[in-house]
Amino acid sequence: MQSKTEDMVEKRTFSMTERLPPIQSMVHTGSFHILVVYCGDLLLRLFGDHFRSFKSLAVVPCRFNINCLCYDPEMKMLLSGIPGAVVTWTIERTGKGLQIAYMASMPGDELVHDIVLNGPNGSILALCGTVVRVLERQGHGQLGEVKRFTSTTSGSSITCCFTCFDQGFLYAGNKTGEIQVWNLSWGHSLHSFKAHFSSVVCIHSRPEAHTLLTAGKEGLIKEWNLTSGGLLRRLEVGEELYQLQFINSTTFFCQTTHSFFLRSLPCFYNLFNVCGSAPQQVRRIRCGDNWFRILCTTEDGLLHFVSPLTGNLLVLTWPFSILDQAVDWAYDPDKEELFVATGRSEVLVFDTTRCPCPAKYLLCTSPDSQDLVQCLAYGHFHLGRGLQGLMFSGHQSGVIRVLSQHSCARVEKFMHFGAVLALSTLPGGLSGSRENSLLCSYGMDDYIHLSEAVLEGIRVLLRPLASILSSCHLTHLMLLPESVGAITETNCLRLWKFHDFLSSGSQEGLTFIETLPLHQCAIVSFDVCLSLSLFVTGGSDGSVRIWNFHGRLVAMLDSSLHFGPLCFANDRGDLLLTFNQSLYLVSCLKLLPPTLLARLSLMGMTDEVLEVPKPFIPSFFFSFETMFVPKYVYSGQGQQQLVGLESLVNKRAIAFDHNVPHVIEEDEQGSPVLLSSFRRDASDKEETDWKQVRKLPHSHYVIPPQLQLTTWNGLNPYQILRCYFGHGRKWLLAPDCYIPNSVIRARLWPEGSPIYLQCNLHSPMRELEWDKSQQFFFWHSKARTISDVGEYSYEKEEEDFLETRVTKDVTYSVLTDSANRSWLGRKMSEIAINSLIETILSIMIHASPLKYQCCIGALGQIFASYQVSPPLRSETAHRLLDDTTNSNPLIRELAWEGLKRLGMITHLFALPLAQGLMDKDERVRNKALNLVPETGIHTKTSLLNLIQNRDTFQEMQ
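Reading the values: rules and limits
Residues numbered from 1 in each chain as written. Predicted model: local features only at pLDDT ≥ 70, side-chain atom pairs only at ≥ 80, totals over all residues. Heavy atoms only, no water. Helix = DSSP H or I, 4+ residues; strand = E, 2+ residues; numbered from the N terminus. Contact = heavy atoms within 4.5 Å. Areas by Shrake-Rupley, 256 points an atom, 1.4 Å probe, with all protein chains shown as cover. Salt bridge = Lys/Arg side-chain N within 4 Å of Asp/Glu carboxyl O. Buried < 20%, exposed > 50% of the residue type's maximum accessible area, 1.4 Å probe, protein only. UniProt positions renumbered as here; feature names shortened; annotations may be inferred. pLDDT = per-residue confidence, 0-100. Pairing = 2+ DSSP bridges. Axes fitted to C-alpha atoms, helices over the stretch in contact; angles between N-to-C directions. Patch = residues over 30% accessible without salt bridge, like charges linked within 9 Å, V, L, I, M, F, W, Y side chains within 5 Å. Core = buried A, V, L, I, M, F, W, Y, C linked by side-chain atoms within 4.5 Å. Polar contact = N/O pair within 3.5 Å; in protein donor to acceptor, adjacent residues only side chain to side chain. Parallel < 35°, antiparallel > 145°, perpendicular 65-115°, else oblique. Left-handed = near helix turned anticlockwise from the far one by under 90°. Nonpolar A, V, L, I, M, F, W, Y, C, P; charged D, E, K, R; others polar.

Caption draft 1: Quick peek at the overall build of the protein chain. The number of helices and strands found in the protein chain is 17 helices and 59 strands. Counted over contacts in the protein chain with a minimum sequence separation of 6, partners at least 24 positions apart contribute 51%. Taken as a whole, the protein chain presents about 42,200 Å² of accessible surface, with 52% of it coming from carbon and sulfur.

Caption draft 2: Structural view of the pattern of salt bridges. Under the criterion given, the structure shown has 29 salt bridges. A salt bridge links R234 to E236, with the shortest nitrogen-to-oxygen separation between them at 3.5 Å. Residue classification places R234 among the partly exposed residues on the basis of a relative accessible area of 43%. Among the salt bridges present, the one from D332 reaches K335, with a minimum N-O distance of 3.8 Å. Under the relative-accessibility criterion, D332 is labelled buried at 4%.

Caption draft 3: Geometry of the UniProt feature "repeat: WD" (unreviewed entry) in the protein chain. Sequence positions flagged by UniProt for "repeat: WD" (unreviewed entry) are, in local numbering, residues 193-234 and 516-548. Between the C-alpha atoms that bound residues 516-548 there is a distance of 12 Å. The span itself is 0% helix and 55% strand.

Caption draft 4: Highlighting the confidence of the model for the protein chain. In this model, the protein chain carries a mean pLDDT of 78, and residues with pLDDT of at least 70 account for 78%. Confidence scores differ between elements of the protein chain, with strand 58 (residues 778-781) showing the lowest mean pLDDT of 31 and strand 49 (residues 567-568) the highest of 95. Contacts for the low-pLDDT stretch residues 755-822, under 50 throughout, to residues beyond four places or in other chains number 174 contacts.

Caption draft 5: A look at the sheet that holds strand 40 (residues 459-469). On the basis of which strands lie adjacent, the open sheet formed by four strands has the order 37-38-39-40 and antiparallel pairing. Here the strands that pair on one side only, and so sit at the sheet edges, are strand 37 (420-424) and strand 40. Ignoring strand direction, the axes of neighbouring strands in this sheet form an average angle of 25°. Sheet analysis places strand 38 (residues 438-443) next to strand 39 (residues 447-456), joined by five bridges and oriented antiparallel. Bridging across to strand 39, L438 finds its partner in E452.

Caption draft 6: Geometry of helix 14 (residues 910-917). Burial runs high along helix 14: six of the eight residues are buried. For helix 14, the set of buried residues is A910, L911, P912, L913, A914 and G916.

Caption draft 7: Region of interest: a nonpolar patch on the surface. Nonpolar side chains collect at one region of the surface, where I247, F260 and L262 lie side by side and expose about 300 Å² of accessible area between them. Along the chain, I247 turns up in the loop between strand 21 (241-246) and strand 22 (251-256).

Caption draft 8: Molecular detail of the sheet that holds strand 20 (residues 231-236). Read across the open sheet, the four strands follow the order 17-18-19-20; overall the sheet is antiparallel. In this open sheet, the two edge strands, each paired with only one partner strand, are strand 17 (200-206) and strand 20. The average undirected angle you get between the axes of adjacent strands in this sheet is 15°. Relative to strand 20, strand 19 (residues 220-225) is paired through five bridges, and the arrangement is antiparallel. Directly across from W224, in strand 20, lies its bridge partner L231.

Caption draft 9: Structural view of the environment of L931. Structurally, L931 can be placed in helix 15 (residues 922-931). Each C-alpha atom of the pair L931 and L899 lies 9.8 Å from the other, and the pair is 32 residues apart in sequence. For L931, the contacting residues outside a window of four places in its chain are W896, K900, I905 and L913.

Caption draft 10: Quick peek at the nonpolar core. Counting 39 residues, the largest nonpolar core has I837, M844, Y852, L859, W896 and L899 as its most contacted members. Of all the elements in the fold, those that place two or more residues in this core are helix 10 (830-845), helix 11 (849-865), helix 12 (870-883), helix 13 (889-901), helix 14, helix 15 and helix 16 (940-948). Tallying contributions element by element places helix 11 first for this core, with seven residues. Ignoring sequence-local partners within four residues, the contact set of I837 consists of L859, I862, F863, V868, L872 and T876. Within the second largest apolar cluster, 38 residues are counted, among which are V340, L362, L648 and L674.

Caption draft 11: Quick peek at the side chain of T352. The residue T352 is located in the loop between strand 31 (346-351) and strand 32 (359-364) in this model. Within the structure, T352 has its side chain in polar contact with the backbone oxygen of E336 (distance 2.8 Å). Those residues in contact with T352 that sit more than four places away from it in its chain are F305, V315, Y331, E336, E337, L338, C357 and K614.

Caption draft 12: The pairing of strand 21, seen in detail. In this sheet, strand 22 lies alongside strand 21 in antiparallel orientation, the contact comprising five bridges. Within strand 22, the position partnered with Q245 by the bridge is F253. If you look at the hairpin formed by strand 21 and strand 22, you'll find four residues sitting between the two strands.

Caption draft 13: Here's a closer look at the environment of Y38. Along the polypeptide, Y38 turns up in strand 2 (residues 34-38). When the C-alpha atoms of Y38 and V27 are compared, they prove to be 9.2 Å apart, with 11 residues separating the residues in sequence. When near neighbours in sequence (up to four residues on either side) are disregarded, Y38 contacts I23, Q24, S25, L43, L44, C62, F64, N65, I66 and L69. Of the polar contacts made by the side chain of Y38, one reaches the side chain of N65; its length is 2.7 Å.

Caption draft 14: Spatial organisation of the packing of helix 13 against helix 15. In the contact formed by helix 13 and helix 15, the axes pass within 9 Å of each other and the chain directions differ by 15°. As summarised for this structure, helix 13 and helix 15 are arranged roughly parallel, according to the angle between their axes. In this structure, helix 13 crosses over helix 15, and the sense of that crossing is left-handed. On the side of helix 13, the interface is formed by P889, L890, R892, E893, W896, E897 and K900, while helix 15 contributes R923, V924, K927 and L931. Split into classes, the residues belonging to the contact of helix 13 with helix 15 amount to five nonpolar, no polar and six charged.

Caption draft 15: Summary view of the pairing of strand 43 (residues 493-497). For strand 43, the buried fraction is high: four of the five residues fall into the buried class. The pairing of strand 42 (residues 483-488) with strand 43 spans five bridges and is classified as antiparallel. Bridging from a neighbouring strand, I487 pairs with L493 of strand 43. With antiparallel pairing between neighbouring strands as the criterion, strand 42 and strand 43 make up a hairpin whose turn holds four residues, including N491 at a positive phi of roughly 65°. As judged from the two bridges shared by strand 43 and strand 44 (residues 513-514), these two strands associate in the antiparallel manner. Paired with L495 across the two strands is I513, which belongs to strand 44.

Caption draft 16: Spotlight on unusual backbone geometry. The omega torsion across C355 and P356 is 0°, close enough to zero to call that bond cis. Within the secondary structure, P356 is located in the loop between strand 31 and strand 32. Positive phi, normally seen in glycine, also occurs at K76, with a value near 55°. Overall, K76 belongs to the partly exposed group, its relative accessible area being 43%. Of note in this structure, E336 is not a glycine but carries a positive phi near 55°. Relative to the helices and strands, E336 resides in the loop between strand 29 (328-332) and strand 30 (337-341).

So this is what it looks like as structure tokens:
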């Protein structure tokens with residue numbers, strides 16, 4: 001028993017006067033203070049709880065075997081699961097008896113082996129074999145089924161389930177260790193994966209951490225990332241686990257063969273933003289007075305602007321392939337332009353006033369095309385004459401240039417003997433006008449140069465102030481008020497004070513302050529909180545530590561998680577962490593010691609500006625595979641000229657899973673694939689490239705994804721548009737080249753429109769394949785990396801997949817193995833036939849071509865052997881006609897074949913077949929051409945007459 005006032009658990013033992021058979025099921029009835037026990041002997045025994053010293057109260061006979069017991073506090077009734085029904089019992093207030101109130105029957109006398117209360121909309125879930133049935137309370141103890149979720153994986157019985165209302169998902173685990181996920185609104189199965197070797201005993205979703213916790217009978221507790229499906233961590237109990245249940249959001253108990261124990265999940269971080277791909281870099285950038293943004297770059301090439309207050313996605317860039325080799329980024333808040341160094345001498349500039357950000361212009365920064373841009377920095381300078389900020393670029397030649405639209409500001413200065421590796425300016429908004437115009441640079445020659453930007457007459461000049469020769473290589477550089485800070489290759493913080501070198505202007509005999517080593521491994525992330533005089537470091541081993549400028553450790557994160565890039569979210573010291581494709585916030589209240597919190601409470605801080613996200617409205621020009629942007633070339637001596645338009649390859653797009661963006665592109669077969677990882681070829685860069693060396697450890701943060709995204713709940717409407725502009729597909733166009741109102745109506749209001757016009761313009765489902773490269777089997781969407789140039793061995797993988805499923809999956813072997821078709825020819829009820837057809841149609845949603853072909857064959861046999869109800873025939877026709885527009889040409893061809901085999905091709909199908917005749921795949925066109933004669937159409941003239949006949953469209957209604 002847990003104390004209400006103290007965090008203590010007390011164990012008490014009560015002696016029992018009555019000897020009981022082994023208990024099979026037991027439940028506590030809440031305010032009744034009664035324990036109901038079933039021992040397998042057709043008797044329900046009632047005992048008082050610890051308030052009644054466990055005294056025996058009554059014995060109630062029952063005429064059926066009970067598999068599970070559950071107490072419903074809303075109805076104040078006892079629920080029991082039996083073969084073929086859920087029984088509700090009224091409890092006498094005295095505790096002396098039980099009375100049967102209602103029996104909710106299950107179809108086919110299904111065995112109810114568990115009852116769960118946390119169903120959608122307050123409903124009750126009954127676990128019946130491979131089906132989760134949703135039961136609604138209908139008053140007076142009555143229950144009625146309103147929905148069901150059917151497992152389409154291995155055919156193994158479901159053992160547990162969990163409803164996550166924040167995500168709108170239902171999770172269920174079965175006896176073979178698989179987890180399946182359904183959408184609560186649609187009832188569609190989204191994906192499934194193998195989580196454990198044995199039966200799943202518990203599933204629990206943690207929306208605050210964006211993770212899923214699962215427990216297996218083999219004694220393993222695992223936590224999974226909900227975006228990538230990557231395994232975050234695991235706990236080995238050491239013996240078989242029989243039960244795991246959460247007491248509250250952070251505490252759960254475990255029951256094993258010989259022990260019972262409590263564990264907690266101390267969650268010091270909260271989910272801030274789901275990126276959709278692994279973050280590469282995170283920065284806090286200043287946009288104005290008390291106005292900041294978080295700039296996050298991810299491996300798929302997207303640049304995200306995130307609100308530091310809410311974590312909402314504000315703006316993101318369009319995924320051009322030119323960004324695959326990007327090396328640095330800088331933002332100009334005055335002009336709202338984002339500069340991206342492309343790994344060449346060009347800089348691509350994005351317009352951030354729109355979302356997604358279009359390319360504004362391409363700037364060639366050097367007359368020498370081999371003079372690569374290595375780094376960028378923006379200075380919040382106020383030099384007068386309208387110069388409100390300057391963008392600097394550091395080059396491989398050692399030159400620093402100012403990128404500006406003002407000719408007076410376009411200057412260059414040779415600074416380093418070797419590549420410029422880093423540039424740094426103050427964040428702006430700080431006191432001291434001279435410090436705000438300082439630029440700090442570090443190069444391959446190990447010199448640190450401090451320069452000042454000044455406006456003399458009509459020209460901007462970079463005036464050198466001091467030079468510092470570093471005694472060792474540096475990995476991070478940051479300009480601070482009154483000092484220059486850097487992380488050395490020995491993982492120490494080194495500080496040079498302004499007053500030590502500005503007075504002499506020489507680097508000889510300079511003194512500096514250096515801490516002891518901060519990490520034993522390389523430091524890959526570094527940021528500073530000036531208001532609290534703190535800095536944070538992230539090691540390549542995933543460790544995170546916070547220090548003051550004296551090198552004293554203030555805080556460290558003790559976690560088994562592997563953290564990636566990081567930065568401070570605000571001046572209060574809240575910390576942003578990254579791991580497994582998400583941003584997480586650690587509050588300063590959990591991070592900082594009381595002395596710093598007391599100091600923070602005395603500081604007067606102005607609230608930051610709350611920014612509203614920009615709506616995602618892609619430009620029509622994004623639909624073309626080639627985009628043209630103005631190109632400016634710097635010709636030296638401050639001269640810059642427009643040389644014409646530069647073409648950008650545009651073969652990628654953005655799809656959303658709720659609010660999470662994902663980059664997709666088309667493969668060689670025209671099917672959309674998920675761009676899974678952003679990789680660079682290390683051979684393209686010199687080993688001495690400081691930026692590349694600094695980013696290499698980031699690969700350690702990416703846990704290999706084991707469960708990829710398989711479906712998007714809501715594709716942006718732009719995706720539908722893109723399929724028909726730029727990909728060769730055509731609308732059903734009228735002779736005057738306008739889209740008929742009937743087509744528009746069927747797209748916007750499908751209810752009441754004929755099925756010939758209801759077919760989706762673009763199916764949101766993605767092709768799935770069976771991945772055998774991982775330790776377990778996982779469903780995942782077809783994905784490829786940018787570096788993947790090999791051809792996809794499609795047919796071979798499909799054969800291997802089918803062979804695996806036939807040998808290891810009972811569900812699908814029923815459709816392919818003639819020996820298991822004993823159900824054919826038997827007398828089956830209408831409910832059984834409907835259930836079988838609905839299951840096959842559910843399988844076809846995620847089916848590969850060979851599995852889809854098996855399903856078509858099974859449907860043909862069912863339709864030939866049994867009488868199928870008209871609504872289900874219509875639903876089947878809807879599904880097959882919808883699949884004739886699938887992104888996979890093999891599925892489109894099989895869908896037409898299925899309509900033929902089921903005998904659904906009539907003269908009214910001449911119109912959708914006309915669309916099939918225009919398909920971009922030759923096999924689909926040939927299939928449609930072979931089917932057209934079955935509609936009674938043999939010539940183009942007869943097809944035209946059918947289309948022009950008004951009676952045809954009236955008959956369609």
